[in-house]
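Inside the fold
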Amino acid sequence: MENWITDIMGQYGYIGIFLLIMLENIFPPIPSEVILTFGGYMTTQTSMTPIGVILISTAGSVVGAIILYGIGLQLDVKRLEKIVDRYGRVLRLTRKDIYKADAWFDKYGIWTVLFCRLIPLIRSLISIPAGMSNMKFGLFLLFTTVGTLIWNTALVSVGAAVGDNWESIVGVMDVYSNIAYVLIVLVGLAAIWWYIQFRKKRA
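Residues numbered from 1 in each chain as written. Predicted model: local features only at pLDDT ≥ 70, side-chain atom pairs only at ≥ 80, totals over all residues. Heavy atoms only, no water.

A few points about the nonpolar core
If you look at the biggest cluster of nonpolar residues, it comprises 19 residues, and the most contacted ones within it are I5, M9, I17, L20, I35 and L36. With residues up to four places along the chain from it excluded, the contact list for M9 reads I17, L20, I35, F38, G39 and M42. Within the second largest apolar cluster, 11 residues are counted, among which are A65, V113, L114 and M135. (Core = buried A, V, L, I, M, F, W, Y, C linked by side-chain atoms within 4.5 Å. Buried < 20%, exposed > 50% of the residue type's maximum accessible area, 1.4 Å probe, protein only. Contact = heavy atoms within 4.5 Å.)

See below:
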């Protein structure tokens, strides 16, 4: 996949970066680390500039995030209620659980969106619950853009700074990503354990 990404970027420049980053947001397995660090490296070999790469990649990220936000809007609380009414016993969920989760996101969602834009995989998927909770679009757009800008600026700048050694940064980011994935799994397992214990106490 890495060769495919670098070929597209080498052939189409800014347009290639925009499309790849947009797809990366919709299809997280595409590694933004490769796109951004190689984009930074390209600024040392072509007429592209770091600011140009940062801005175009941020635009692509935001467009992809908006698409997922729109998907989240289609899975609003009312639709989730219908799913729980039908499969709640199997999923061990109630409407009350949905309301609690929605209330939590209403309270902390803005900062969650900002923080999660700095975590691989989650940085893309966080747009869906933001839409599901009907987060104000203006706030979603603002915090998504800020978080994305921080992530993109860091990786493009590093890619430009190390030049030919940009692939070494991808290796470091792979380690960061793997650590993030492990933490996500552990947090998920802890949440499941807590939920099971909570339901047992209520029973």
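Examining the packing of helix 3 (residues 32–42) against helix 9 (residues 137–162)
The interhelical angle for the contact between helix 3 and helix 9, taken along N-to-C directions, is 50°, at an axis separation of 6 Å. The orientation of helix 3 with respect to helix 9, classified from their angle, is oblique. In this structure, the crossing between helix 3 and helix 9 has a hand that is right-handed. Along its contact with helix 3, which presents S32, E33, L36, T37, G40 and Y41, the element helix 9 presents W151, N152, L155, V156, G159 and A160. Here the contact of helix 3 with helix 9 is composed, by residue class, of 6 nonpolar, 5 polar and 1 charged. (Axes fitted to C-alpha atoms, helices over the stretch in contact; angles between N-to-C directions. Helix = DSSP H or I, 4+ residues; strand = E, 2+ residues; numbered from the N terminus. Parallel < 35°, antiparallel > 145°, perpendicular 65-115°, else oblique. Left-handed = near helix turned anticlockwise from the far one by under 90°. Nonpolar A, V, L, I, M, F, W, Y, C, P; charged D, E, K, R; others polar.)

Some remarks on helix 3
Burial of helix 3 is extensive: 11 of the 11 residues sit out of reach of the surface. Of all the positions in helix 3, only S32, E33, V34, I35, L36, T37, F38, G39, G40, Y41 and M42 are classed as buried.

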